[in-house]
Structures are given as structure tokens and as C-alpha cells.
Amino acid sequence: GVDEAELSRCKARLKAQKQLSMQTASSRCMQAALSAAYGEPANMWREYNAKIDEVTVEDLSKFALRFTDDCCLEMIFSPEA
């Protein structure tokens, strides 16, 4: 179970990482080329933050159920002792 606060932290981290990765002209060109190769608009990367903001806890649950039908998965992360 992921709660809204955890999802918000993840969204903030993803958006910050994307912004950092797109600081150089070469990174933006590479992203535009990949988008074009996939048949998407070249500036699709500009919509990244909006797409991330659209993700809900329910979306995550549906995604997890789709890919973990018959198995049980538990991941625990904690700081080093």
C-alpha cells in the first residue's frame, strides 16, 4: 500500500531528476530524437511533469496487480544500522 504522501515524494523526486537530466542541449536533443523515433511529438518531454502529476495511488495499484497476478512481492528499504 502506497499512501498519498509517499506518492507525492516520489513524484517530486522523479520530476527533479528529469529536470536535472534535461539541462544540456544534447540531452534535450536526444530526448526529442527518441520521441520522434517512437512516433511522438519531438517536445513530448515537456509534458513529463504533467504526466507524472496525473498518476494516482489507484493507478499504481492497478499496475501492480497487472504485473504481480500470482506472486507475492514485498520490498523493505531501511537505512543501514
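All residue numbers here refer to positions counted from 1 along the written sequence of the relevant chain. Since the coordinates come from a predicted model, pLDDT governs what is reported: local features require at least 70, and pairs of side-chain atoms require 80 or more to be given and counted, while whole-chain, interface and lining totals use all residues. Note: side-chain values were computed over all heavy atoms of the structure, leaving out hydrogens and water.

Right, let's talk about helix α2 (residues 25–37) for a bit. Each helix corresponds to a stretch of at least 4 residues labelled H or I by DSSP, and each strand to a stretch of at least 2 residues labelled E; elements are numbered beginning at the N terminus. One fewer than the residue count of a helix, multiplied by 1.5 Å, yields its expected span. Over its 13 residues, α2 runs 18 Å from end to end, which matches the ideal 18 Å to within 8%, given 1.5 Å per residue. Following α2 by one or two positions, Gly 39 has its phi on the positive side, about 80°.

pLDDT expresses, on a scale from 0 to 100, how confident the predictor is about each individual residue. Across the chain, pLDDT averages 89, with 93% of residues at or above 70. At the level of individual helices and strands, the chain shows its lowest average pLDDT in helix α4 (residues 57–67), which scores 86, and its highest in helix α3 (residues 48–54), which scores 96.

For the rest of this paragraph, the subject is a nonpolar patch on the surface. Two distance rules govern patches: like charges are joined within 9 Å, and nonpolar side chains (Val, Leu, Ile, Met, Phe, Trp, Tyr) within 5 Å, applied only to residues with over 30% relative accessible area and no salt bridge. Accessible surface area values rest on a Shrake-Rupley calculation with a 1.4 Å probe, where residue burial reflects the displayed protein chains alone. Salt bridges, as used here, are contacts in which a Lys or Arg side-chain nitrogen is within 4 Å of a carboxyl oxygen on Asp or Glu. Where nonpolar side chains cluster on the molecular surface, the patch consists of Met 30, Leu 34 and Tyr 38 and spans about 360 Å² of accessible area. Along the chain, Tyr 38 turns up in the loop between α2 and α3. Accessible area is worked out with a 1.4 Å probe on protein chains only. A residue is then buried under 20% of its type maximum, exposed over 50%, and partly exposed in between. For Tyr 38, a relative accessible area of 66% gives the class exposed.

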